[in-house]
Amino acid sequence: MRINAPARSMVIFAGLLLVTSSISAQGVWAESYAQEARGDFAAAIESINAIINAEPSHEFAVMRRAWLHYLNGQYNNSIRDYQRAMEINDQSLEARLGIMLPLLAQQRWRQAANYGAETIRLSPWNYYAHLRLMVAEEGQRQWQTLARHAAETAKRYPSDPTFLVYWARALARQGNVSEAAVIYEKVLERVPSHEEAAAFIDEHLN
Amino acid sequence: MSPSTKTSCLLILYVVSPLAAAQEAVDSWIVATDVQALVGSFRSSIERDSLNVLGFFVKADYLEKGGVTFGYNRTALSFLNANSGIDQDDVFLSGRWSLTPDWASGRITVRLDQHTISNDDPDNGTSDVDVIAPQLSYQNFANTFYVDVGYARSNFGDSLSLAGKLEVTQWTPTLGFGFNDSYDWLQLRGYLIDFSNPLRAQSLDSTESLEVKWIHWFDGRGPIGIDNLRVSALAGERIYAVDHDAASVYNLADMQTGSASIGGEWLIGERNKLMLLMSYEKFENRDIGNAYSSGSVYLNFNHRSN
């Protein structure tokens, strides 16, 4: 097939536009990462806004802006963006995990817990879903639930110190010092410099 | 059991198991019920003998956004004069809504309470009481600072012996401070109360008082398994007060000239709490020149549905 000269020019021009646009988009992403690294979250949000304005359903851009709003302390904007990300992709585990962060920051424990439970329904032993759900349980002072939950999760992540810390903390808050000490000692095996565990052992065993 | 059924059961077990580990945190509505009783007796009063209150509150809260409360309390005040006393019904309705704007770094709550009180006071002066009591509060996320402004407008029924209507206006500015890693809470609340008709308020047109509350939570369990210890005191004068925390109206009380209370709360499992408070209150009835006191024991059992 032969292409006439004006049509060829159009094709070349369109191709150049695509390349330019791609380079420009790459530049915006790179810029936003650099701005985030510098701690200039507002500028990074502005950079991402340009992408979302051009393509409102750009899932990753919406997710990224939600994260940047969270870092910038704009929790309500972050919640709105994570909800938008879930509308764009209702299978997203990341959006469900993400929205828990601003909700926890606002001490909206039960709403955060609902998203944690939703994530666990989709991905039963998801590390971050269980971890963030434990933060919500601690916020609600649900010490028995937290102790059971942390103990069960620690079985799935036996080398992880964080679930052990929640387990020990929940036992301690119920006045179960001896069992808490046993768990805190396990924490110290994994992280010998763990301040909370060391302080508890110092206070109750030494 | 067919292989497919077995697979389904295994799948269900796999999915349910981690959820079960965290099951108690997932419901959007919390319904809590309080059952309360107060038994009190008066000393040195030339009129009053005893006071008994029995009641309940049902609170339903949706996530951390808002909620409603319904309450009913039955009060029996008996006088020294045999066969005389006042029986009273207090119906309480309350709604609240919380906001968390980013600029606040905390929670702002708007609350509106209503009391409808009726009793068989022969004089009718303490009956037919309608109270409307809004409150605007703020607590920071660090749980180190709390402030609220409460207002209450109480309309009392016509008295057969004392002329004129009685309307009571109350302002309650409140400050709260959390310290010691949130193991301690100190709250100061001023009661600034104005009366439209001094004749029905022991010749006073206003009273001022300050209430101080301190709560200490124990790390683990405290002595005798207690979760928290609470102490409060009131200084100054107070009559016809509306207590936002206790959701009660002092429409039957004479002028309070001071009070002190001490008590604690026990956790029974994760969903039940038992509170015991012992109080000593001083009163004065200027119309008949009688200063007296009361001692009371208050018991509250709280159950949370989930």
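As shown above, the structure is provided for reference.
Residues numbered from 1 in each chain as written. Chains lettered and ligands numbered in written order. Predicted model: local features only at pLDDT ≥ 70, side-chain atom pairs only at ≥ 80, totals over all residues. Heavy atoms only, no water.

Enquirer: Sorry if this is basic, but what is going on with the overall build of chain A here?
Expert: A tally of helices and strands in chain A yields 11 helices and zero strands. Mapped in sequence order, the helices and strands of chain A form the string α-α-α-α-α-α-α-α-α-α-α. Counting every position in chain A, which comprises 206 residues, the buried fraction comes to 46%. Restricting the contact set of chain A to residue pairs at least 6 apart, pairs at least 24 apart contribute 46%. (Helix = DSSP H or I, 4+ residues; strand = E, 2+ residues; numbered from the N terminus. Buried < 20%, exposed > 50% of the residue type's maximum accessible area, 1.4 Å probe, protein only. Contact = heavy atoms within 4.5 Å.)

Enquirer: Looking at this model, I keep getting lost on the packing of helix α5 (residues 93-105) of chain A against helix α6 (residues 109-122) of chain A. Mind explaining?
Expert: Each packed pair of helices is defined by two parameters, the angle between the axes and the distance between the axes. Residue and element names in this part refer to chain A. Running from N to C, α5 and α6 cross one another at 160°; their axes reach a closest spacing of 9 Å. With respect to α6, the axis of α5 lies roughly antiparallel. Where α5 crosses over α6, the two elements pack in a sense that is left-handed. From α5, Leu 93, Arg 96, Leu 97, Ile 99, Met 100, Leu 103 and Leu 104 reach across to α6, where they touch Trp 109, Gln 111, Ala 112, Tyr 115, Gly 116, Glu 118, Thr 119 and Leu 122. When grouped by side-chain class, the residues that make up the contact of α5 with α6 number 10 nonpolar, three polar and two charged. (Axes fitted to C-alpha atoms, helices over the stretch in contact; angles between N-to-C directions. Parallel < 35°, antiparallel > 145°, perpendicular 65-115°, else oblique. Left-handed = near helix turned anticlockwise from the far one by under 90°. Nonpolar A, V, L, I, M, F, W, Y, C, P; charged D, E, K, R; others polar.)

Enquirer: Would you mind showing me how to read the packing of aromatic side chains here?
Expert: Within a pair of aromatic rings, the relevant descriptors are the distance that separates the centres and the angle that separates the planes. Scanning the entire structure with this criterion turns up 22 aromatic pairs over all chains. Seen in terms of ring centroids, A:Trp29 and A:Phe60 are 5.1 Å apart; in terms of plane orientation they differ by 35°. Their pairing is tilted. Separated by 31 residues along the polypeptide, A:Trp29 in helix α1 (residues 5-38) and A:Phe60 in helix α3 (residues 59-71) bring together distant segments of the chain. For A:Trp29, a relative accessible area of 15% puts it in the buried group. Among the residues examined, A:Phe60 registers a relative accessible area of 44% and is labelled partly exposed. For the pair B:Tyr138 and B:Phe145, a centre-to-centre distance of 6.5 Å together with 50° between the ring planes defines the contact as tilted. A relative accessible area of 18% places B:Tyr138 in the buried class. (Phe/Tyr/Trp six-rings, centres within 6.5 Å; stacked < 30°, edge-to-face > 60°.)

Enquirer: Help me understand unusual backbone geometry in this model?
Expert: Trans is the common state for peptide bonds, and a negative phi is the common state for residues other than glycine. Notably, A:Arg141 is not glycine yet its phi reads approximately 55°, a positive angle. With respect to the helices and strands, A:Arg141 occurs in the loop between α7 (127-139) and α8 (143-156). Even without glycine at this site, B:Ser105 takes up a positive phi of about 50°. Structurally, B:Ser105 can be placed in the loop between β4 (85-99) and β5 (106-119).

Enquirer: Just to check I follow, could you spell out helix α4 (residues 75-88) of chain A for this structure?
Expert: Helical periodicity: at 3.6 residues per turn, an α-helix aligns residues three or four positions apart in one direction. Residue and element names in this part refer to chain A. Its 14 residues give α4 an end-to-end C-alpha distance of 20 Å, which sits within 8% of 20 Å, the value for a rise of 1.5 Å per residue. Within the sequence span of α4, burial applies to Asn 76, Ser 78, Ile 79, Asp 81, Tyr 82, Ala 85 and Met 86. Its buried side turned inward, α4 meets α3, α5 and α6. (Expected span 1.5 Å × (residues − 1).)

Enquirer: Please explain a nonpolar patch on the surface as it appears in this structure.
Expert: Residues and elements named next belong to chain B. On the surface, a nonpolar cluster with roughly 660 Å² of combined accessible area is contributed by Val 31, Val 35, Phe 56, Val 58, Phe 70, Val 91, Leu 93, Ile 268 and Phe 301. Sorting the residues of the nonpolar patch by element identifies β1 (29-43), β2 (48-62) and β4 as the ones contributing at least two each. By secondary structure assignment, the location of Phe 56 is in strand β2. (Patch = residues over 30% accessible without salt bridge, like charges linked within 9 Å, V, L, I, M, F, W, Y side chains within 5 Å. Areas by Shrake-Rupley, 256 points an atom, 1.4 Å probe, with all protein chains shown as cover. Salt bridge = Lys/Arg side-chain N within 4 Å of Asp/Glu carboxyl O.)

Enquirer: Looking at this model, I keep getting lost on the side chain of B:Asp184. Mind explaining?
Expert: As for its placement among the helices and strands, B:Asp184 is situated in strand β9 (residues 184-195). No salt bridge forms around the buried B:Asp184; measuring N to O, its nearest opposite-charge neighbour A:Arg173 is 11 Å away. Only 3.0 Å separates the side chain of B:Asp184 from the side chain of B:Trp214, close enough to count as a polar contact. A polar side-chain atom of B:Asp184 sits 2.8 Å from a polar atom in the side chain of B:His216. Excluding residues within four positions of it along the chain, B:Asp184 makes contact with B:Phe177, B:Gly178, B:Phe179, B:Trp214, B:Ile215, B:His216 and B:Trp217. (Lys, Arg positive; Asp, Glu negative; His and termini not counted. Polar contact = N/O pair within 3.5 Å; in protein donor to acceptor, adjacent residues only side chain to side chain.)

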